[in-house]
Amino acid sequence: MTAAAIPTLSSRGVKMPAVGFGTSQLGDCAEIVASALKVGYRHIDTAWKYGSEQGVGDGIKRSGVPRKDIFLVTKVSHEYLKEDAFAKSVEESLERLQTDYVDLLLVHWPAIDGTPLAETMGALAKARREGKTRHVGVANFNIALTEEAMKLCPEPLSVLQAEYHPYLDQTKLLAYCRKVGLLFMAYCPLGRGRLFNDPVLAEIAQAKGKTLAQVALRWLVQQGNVAPIPRSSNPRHMAESLEVFDFTLTEDEMKRIHELARPDGRIADPKGRAPKWD
Ligand SMILES: NC(=O)c1ccc[n+]([C@@H]2O[C@H](COP(=O)([O-])OP(=O)(O)OC[C@H]3O[C@@H](n4cnc5c(N)ncnc54)[C@H](OP(=O)(O)O)[C@@H]3O)[C@@H](O)[C@H]2O)c1
């Protein structure tokens, strides 16, 4: 799919490609990121914590795709949520990414050291006012924390990033995001591969003449305000994951996939760091 053909999602001032490219666990990923951009991705997700920012910056340079054409996302880790540490983390991210600004800056996880949320939201808003990010948001916040963040942040939050795939029910969080207009960026959209033997997804994939991964991603994008960010180091998979806008799941197929959610479906649930999930 050409980059221009990827639909965009917009809300609260932000406009972003409806599918992004994840870069956790990829390490020095310059070649992979350059391939993803070549295949058509224009939305790249990284984080200070992933150790992939340098590779993302190098990959963007190597690809020849103009920086302004890419929706670039990074995150500040939970250890750096106090004002000074936050600003330093953003500077380091920009240096590694070899850019003056990102398109979206997220708080990666809520604080666990008692840092007041107001202080972190102040630091996030300051990064935006200083032009270091075009938009701001949060990741791994529950509804109560997101609500508080929206009240405390002097700049409008646009995006919530959270785990979402067919094995995890996110009905409540998604309904909340819809109500307040936050776009939902879905991480681990392929359940880090755990979905790949699922018989229901396999059956629907066969009926549609699509791959199982494409069906899982279609289920996400068809929900309207959800943008999945699959990670891959395989150019064939990268390309396949963008080809999810040329077919539609029926209401019954959507429902059957919703019913796959399991109580133990959550993957990213670090002890002592995760909030009380909704
Ligand atoms: N905010 C947070 O706390 C947080 C937490 C976790 C993840 N994330 C973000 O979300 C991104 C995605 O999540 P994830 O990396 O954990 O897992 P994921 O995207 O759900 O799954 C990645 C796995 O799926 C395979 N894959 C990808 N596309 C495929 C396709 N079309 N067909 C078949 N297999 C395919 C990949 O293998 P191949 O390489 O062989 O294709 C890889 O093993 C991360 O990279 C990161 O950017 C954010």
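For the structure itself, consult the block above.
Owing to the predicted nature of the structure, the values given are computational and were not obtained by experimental measurement. (Residues numbered from 1 in each chain as written. Predicted model: local features only at pLDDT ≥ 70, side-chain atom pairs only at ≥ 80, totals over all residues. Heavy atoms only, no water.)

Caption draft 1: A look at the site of the ligand. Within the structure, the ligand sits among 27 residues, and Asp-45, Arg-192, Arg-231, Ser-232 and His-237 are positioned closest to it. In this structure, an oxygen atom belonging to the ligand sits 3.3 Å away from a side-chain N or O atom of His-108. Contacts to the ligand include Asn-140, whose side-chain N or O atom sits 2.8 Å from an oxygen atom. Relative to its unbound accessible area of 900 Å², the ligand is 88% covered by the protein chains. The element that contributes the greatest number of residues to the shell around the ligand is helix α9 (residues 235-242), accounting for three residues. Of the residues assigned to the shell around the ligand, the class counts are ten nonpolar, twelve polar and five charged. (Near = heavy atom within 4 Å. Polar contact = N/O pair within 3.5 Å; in protein donor to acceptor, adjacent residues only side chain to side chain. Areas by Shrake-Rupley, 256 points an atom, 1.4 Å probe, with all protein chains shown as cover. Helix = DSSP H or I, 4+ residues; strand = E, 2+ residues; numbered from the N terminus. Nonpolar A, V, L, I, M, F, W, Y, C, P; charged D, E, K, R; others polar.)

Caption draft 2: Up close: α9. Listed as buried for α9 are Met-238, Glu-240, Ser-241 and Leu-242. Where α9 is buried, its residues touch β3 (21-22), α1 (30-39) and α8 (212-221). (Buried < 20%, exposed > 50% of the residue type's maximum accessible area, 1.4 Å probe, protein only. Contact = heavy atoms within 4.5 Å.)

Caption draft 3: The nonpolar core, seen in detail. Core analysis: the largest hydrophobic core is formed by 71 residues, its most contacted members being Phe-86, Met-121, Leu-157 and Phe-184. With eight residues, α8 is the single largest residue contributor to this core. Not counting residues up to four positions away in its chain, the partners in contact with Phe-184 are Leu-160, Ala-162, Glu-163, Tyr-164, Gln-170, Leu-173, Leu-174, Cys-177, Asn-225, Val-226 and Ala-227. In this structure, Leu-9, Val-159, Met-185 and Tyr-187 belong to the second largest nonpolar core, which totals 19 residues. (Core = buried A, V, L, I, M, F, W, Y, C linked by side-chain atoms within 4.5 Å.)

Caption draft 4: Main features of the packing of helix α4 (residues 117-129) against helix α5 (residues 143-152). Close contact between α4 and α5 brings their axes to 9 Å; oriented N to C, the two are set at 55°. In terms of axis orientation, α4 runs oblique to α5. The two elements α4 and α5 meet at a crossing, and its hand is right-handed. Where α4 approaches α5, its residues Leu-117, Ala-118 and Met-121 are matched on the opposing element by Leu-145, Glu-148, Ala-149 and Leu-152. Grouping the amino acids of the contact of α4 with α5 by side-chain chemistry returns six nonpolar, no polar and one charged. (Axes fitted to C-alpha atoms, helices over the stretch in contact; angles between N-to-C directions. Parallel < 35°, antiparallel > 145°, perpendicular 65-115°, else oblique. Left-handed = near helix turned anticlockwise from the far one by under 90°.)

Caption draft 5: A look at unusual backbone geometry. Positive phi is not limited to glycine here, since Arg-12 has a value of about 45°. Summarising the element assignment, Arg-12 is placed in the loop between β1 (8-11) and β2 (14-17). Of note, the phi angle at Asn-140 is positive, near 60°, even though the residue is not glycine. Within the secondary structure, Asn-140 is located in the loop between β7 (133-139) and α5. For Asn-140, a relative accessible area of 1% gives the class buried.

Caption draft 6: Layout of the packing of α1 against helix α2 (residues 53-63). Packing of α1 against α2 brings their axes to within 7 Å, and their N-to-C directions diverge by 50°. In terms of orientation, α1 lies oblique with respect to α2. Seen along the crossing, α1 lies across α2 with a hand that is right-handed. Contacts between α1 and α2 pair Ala-30, Glu-31, Val-33, Ala-34 and Leu-37 from the former with Gly-55, Val-56, Asp-58, Gly-59, Ile-60, Arg-62 and Ser-63 from the latter. Here the residues of the contact of α1 with α2 are counted per class, giving six nonpolar, three polar and three charged.

Caption draft 7: Inspection of the sheet that holds strand β8 (residues 157-163) at higher detail. Spatial ordering of the open sheet is given by β3-β4-β5-β6-β7-β8-β9-β10, a layout of eight strands whose pairing is parallel. The outermost strands of the open sheet, each flanked by one partner alone, are β3 and β10 (226-228). Strand direction decides the pairing type here: strand β9 (residues 183-187) and β10, joined by three bridges, are parallel. Among the inter-strand pairings, Ala-186 is bridged to a residue of β10, identified as Pro-228. The sheet contacts of α8 involve β9 and β10, and relative to β10 the element is tilted by about 150°. (Pairing = 2+ DSSP bridges.)

Caption draft 8: Fine view of the pattern of salt bridges. Within the structure shown, the criterion is met by 20 salt bridges. Ionic pairing is found between Lys-68 and Asp-69, a salt bridge with its closest N-O pair at 3.1 Å. A relative accessible area of 36% means that Asp-69 is categorised as partly exposed. Shared partners join several salt bridges into a network, and the residues in it are Glu-53, Lys-88, Glu-92 and Arg-96. (Salt bridge = Lys/Arg side-chain N within 4 Å of Asp/Glu carboxyl O.)

Caption draft 9: Geometry of the packing of aromatic side chains. Throughout the structure, instances matching the rule amount to five aromatic pairs. Through a chain of ring-to-ring contacts, three or more aromatic side chains come together here, namely Tyr-164, Phe-184 and Trp-219. Looking at Arg-266, its charged tip hangs above the ring of Trp-277, at a distance of 3.9 Å from the centre. (Phe/Tyr/Trp six-rings, centres within 6.5 Å; stacked < 30°, edge-to-face > 60°. Lys NZ or Arg CZ within 6 Å of the ring centre and 35° of its normal.)

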